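This is what each chain is made of:
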Amino acid sequence: MSQMTGNGGGGAMDPVLASAGTTLVGLMVTEAWGQTRDGVVALWRRVRPADADGVGRDLDEARAELVQAREGGADEETEQELVGEWQRRLLRVLRDDPAAAEELRRVLEAAQGAQPAELPAGNVQLQARAEGSSRIYQAGRDMRVQGS
């Protein structure tokens, strides 16, 4: 697995790490958030132990802010602000300890891999015709029918 190369900010960067802020913020509203949060806090605890608890609180606040923004319909702007903020914070930690890049990569990839597979995008079109005393059950995905 490649890591950051070059020195300063002028080198090439692994695509996963280059999009770490986007990935992190995207995971804030998924089932894998707890795993992701714990992994990021553990990374901070190793690289910047004095800041780890504060980062945990900041992650919780960022998630709450994003959830609230999504409920209010203003999620795009909030999400972009959070992406920029966390991208900068992650890159500063990686500058302090470039070896942490692999740890960050593992955390983000594991969380992404824990996500349920997405259904293919597309339209569902259902048609039915009932005659007599027939019953029709239709679903675009999962369905559970109980009773007689």
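Residues numbered from 1 in each chain as written. Predicted model: local features only at pLDDT ≥ 70, side-chain atom pairs only at ≥ 80, totals over all residues. Heavy atoms only, no water.

Novice: Hey, could you go over the overall build of the protein chain for me, with residue numbers and the actual values?
Specialist: Helix and strand counts for the protein chain come out as six helices and zero strands. For the protein chain, the succession of helices and strands along the chain, N to C, is α-α-α-α-α-α. Taken across its 148 residues, the protein chain has 32% of its residues classed as buried. Contacts in the protein chain between residues at least 24 apart in sequence constitute 64% of all its contacts with a sequence separation of at least 6. (Helix = DSSP H or I, 4+ residues; strand = E, 2+ residues; numbered from the N terminus. Buried < 20%, exposed > 50% of the residue type's maximum accessible area, 1.4 Å probe, protein only. Contact = heavy atoms within 4.5 Å.)

Novice: Could you give an account of the packing of helix α3 (residues 33-47) against helix α5 (residues 75-96), naming the residues involved and the relevant values?
Specialist: Relative orientation of the contacting elements α3 and α5 amounts to 40 degrees, with a least axis distance of 10 Å. With respect to their mutual orientation, α3 and α5 come out oblique. Remark: the crossing between α3 and α5 carries left-handed chirality. Seen from α3, the contacting residues are L43, W44 and V47; seen from α5, they are W86, R89, L90, V93 and D96. Taken together, the residues that form the contact of α3 with α5 break down as six nonpolar, no polar and two charged. (Axes fitted to C-alpha atoms, helices over the stretch in contact; angles between N-to-C directions. Parallel < 35°, antiparallel > 145°, perpendicular 65-115°, else oblique. Left-handed = near helix turned anticlockwise from the far one by under 90°. Nonpolar A, V, L, I, M, F, W, Y, C, P; charged D, E, K, R; others polar.)

Novice: Give me the lowdown on a negative patch on the surface, citing residues and values where you can.
Specialist: Taken together, the side chains of E61, E65, E77 and E81 present a region of like negative charge at the surface. For the negative patch, the secondary-structure elements that each account for two or more residues are α4 (52-72) and α5. Here E65 lies in helix α4. (Patch = residues over 30% accessible without salt bridge, like charges linked within 9 Å, V, L, I, M, F, W, Y side chains within 5 Å. Areas by Shrake-Rupley, 256 points an atom, 1.4 Å probe, with all protein chains shown as cover. Salt bridge = Lys/Arg side-chain N within 4 Å of Asp/Glu carboxyl O. Lys, Arg positive; Asp, Glu negative; His and termini not counted. Charge placed at Lys NZ, Arg CZ, Asp CG, Glu CD.)

Novice: Explain the nonpolar core residue by residue, including any values.
Specialist: With 29 residues, the main nonpolar core has L24, V25, M28, W44, L59, W86 and L104 as its most contacted residues. When contributions to this core are tallied by element, the ones reaching two or more residues are α2 (20-27), α3, α4, α5 and α6 (100-113). (Core = buried A, V, L, I, M, F, W, Y, C linked by side-chain atoms within 4.5 Å.)

Novice: Could you give an account of the packing of α3 against α4, naming the residues involved and the relevant values?
Specialist: Here α3 crosses α4 at 150 degrees, and the two axes come no closer than 8 Å. Here α4 runs roughly antiparallel to α3, going by the angle between their axes. Every pair of crossing elements has a handedness; the one defined by α3 and α4 is right-handed. Only A52, D53, V55, G56, R57, L59, D60 and R63 of α4 make contact with α3, whose side of the interface consists of W33, R37, V40, V41, W44 and R45. Among the residues making up the contact of α3 with α4, the classes are represented as seven nonpolar, one polar and six charged.

Novice: Go over the pattern of salt bridges with me, naming the residues and quoting the values.
Specialist: One pass over the full model with this rule turns up 10 salt bridges. Of the charged contacts, one joins R89 and D58 as a salt bridge, the two residues approaching to 2.8 Å between their closest N and O atoms. Taken together, the positions of R89 in helix α5 and D58 in helix α4 put the pair 31 residues apart, joining distant regions of the chain. Classification of D58 as partly exposed rests on a relative accessible area of 25%. For the salt bridge of E85 with R89, the shortest nitrogen-to-oxygen distance reads 3.5 Å. Residue E85 and its partner R89 are located together in helix α5, separated by four residues, close to a single helical turn. Assessed through its relative accessible area of 32%, E85 is described here as partly exposed. The exposure class assigned to R89 is buried, which follows from its relative accessible area of 15%. A single salt-bridge network, built from bridges that share partners, covers R37, D38 and D60.

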